[in-house]
Amino acid sequence: MADLRPVHRALGFGIAAVVLLLDQLSKWLIMGPVALRERGLIQITGFFDLRWVENYGVSMGFLVAGSDRERWLLVVATALIAVAITVWIWREKAKGDVLALGLVLGGAIGNIADRARLGYVADFLDLHIGNWHPFLVFNVADAAITIGVLILVARALLVREPKVSSENVDAV
């Protein structure tokens, strides 16, 4: 059976590049032409707003960087995670896992770029139900990371890769 990892890698890294591009483009639009930083809030519907939040922590506000040193430690830590994901994509054989990892990698790099360039991650998407905000304000990178992780968990729990029969295994 042919090794499909090179094709899967290209798809995974391609997805990462698209996520990174969409994330950075959306942040440029929000900070530039839309001027959300200055406006603070733009009400769109009864369940969705654009709301400016500077996130100095990681997921859900944990590990808040209160100094430049802590900020750069977060950049290094998240960059190491991105490197680990890159290696995982390189080695992974399952196409579904590679695609999910591409979402996670693209999102991670987008947030790393923010933290390195701005000192914080720019969040602006606010889903809510009336005055109840069950979700934190997030961005495209956060959404991609969350979707990628959910796909990985679902695949780990629900998908069984076909077993290779002993007839197809080369003798060592």
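That block above? That's the structure.
Residues numbered from 1 in each chain as written. Predicted model: local features only at pLDDT ≥ 70, side-chain atom pairs only at ≥ 80, totals over all residues. Heavy atoms only, no water.

1. Concerning the nonpolar core
Test applied: By nonpolar core we mean a set of buried residues, namely Ala, Val, Leu, Ile, Met, Phe, Trp, Tyr and Cys, connected to one another through side-chain atoms within 4.5 Å. Three labels apply to residues, based on accessible area from a 1.4 Å probe with only protein chains included: buried if under 20% of the type maximum, exposed if over 50%, partly exposed otherwise in between. Note on conventions: DSSP H or I runs of at least 4 residues are helices, E runs of at least 2 residues are strands, and numbering of each starts at the N terminus. The contact criterion used is simple: two residues touch if any of their non-hydrogen atoms lie within 4.5 Å.
With twelve residues, the main nonpolar core is built from Ala 16, Val 75, Ala 82, Ile 85, Ile 89, Val 98, Ala 100, Leu 101, Val 104, Leu 105, Ile 112 and Leu 152. Looking at this core, the elements that each hand over two or more residues are helix 3 (68-91) and helix 4 (95-118). Filtering out sequence-adjacent residues up to four positions away, Val 98 remains in contact with His 8, Arg 9, Gly 12, Ile 89 and Glu 92. Within the second largest apolar cluster, ten residues are counted, among which are Ile 30, Leu 36, Trp 52 and Phe 124.

2. Quick look at the sheet that holds strand 3 (residues 121-127)
We apply this condition: When DSSP finds two or more bridges between a pair of strands, those strands are recorded as paired. Inter-axis angles, ranging from 0 to 180 degrees, are taken between N-to-C directions of lines fitted to C-alpha atoms, where helices are fitted over the stretch in contact.
One open sheet accounts for three strands, arranged 1-2-3; its pairing is antiparallel. Edge positions in the sheet fall to strand 1 (41-43) and strand 3, since each has one partner strand and no second. On average, each strand axis in the sheet is tilted by 20° relative to the strand beside it, whichever way the strands run. Against the sheet, helix 1 (residues 5-31) contacts strand 2 (48-55) and strand 3, and its axis sits at roughly 85° relative to strand 3.

3. Notes on the pattern of salt bridges
Selection criterion: Salt bridges are identified by distance alone: a Lys or Arg side-chain nitrogen within 4 Å of an Asp or Glu carboxyl oxygen.
Applying the stated criterion to the full structure yields eight salt bridges. Across the pair Lys 27 and Asp 23 runs a salt bridge, and its minimum N-O distance is 2.8 Å. Of this pair, Lys 27 and Asp 23 both sit in helix 1, four residues apart, which is roughly one turn of the helix. Per residue, the accessibility class of Lys 27 equals that of Asp 23, and both read buried. With a closest N to O distance of 3.6 Å, Asp 68 and Arg 71 form a salt bridge. Of this pair, Asp 68 and Arg 71 both sit in helix 3, three residues apart, roughly one helical turn. When salt bridges with common partners are traced through the structure, they connect Asp 23, Lys 27, Asp 114 and Arg 117 into a single cluster.

4. Concerning the packing of aromatic side chains
The criterion, for reference: For Phe, Tyr and Trp, rings pair up if their centres lie within 6.5 Å, where Trp contributes its six-membered ring, and each pair is then called stacked (planes under 30 degrees apart), edge-to-face (over 60) or tilted (otherwise).
Applying the stated criterion across every chain yields a total of three aromatic pairs. Taking 6.5 Å as the distance between ring centres and 35° as the angle between the ring planes, the aromatic pair formed by Phe 13 and Trp 90 counts as tilted. One end of the pair, Phe 13, is in helix 1; the other, Trp 90, is in helix 3, and 77 residues separate them in sequence. Centroid distance Trp 52 to Tyr 120: 6.2 Å. Interplanar angle 85°. Geometry classified as edge-to-face. With a gap of 68 residues between them, Trp 52 in strand 2 and Tyr 120 in the loop between helix 4 and strand 3 connect regions that are remote in the sequence. By relative accessible area, Tyr 120 is classed as buried at 4%. One aromatic cluster is present, formed by Trp 52, Tyr 56 and Tyr 120 through successive ring pairs.

Structural measurements only, silent on function.
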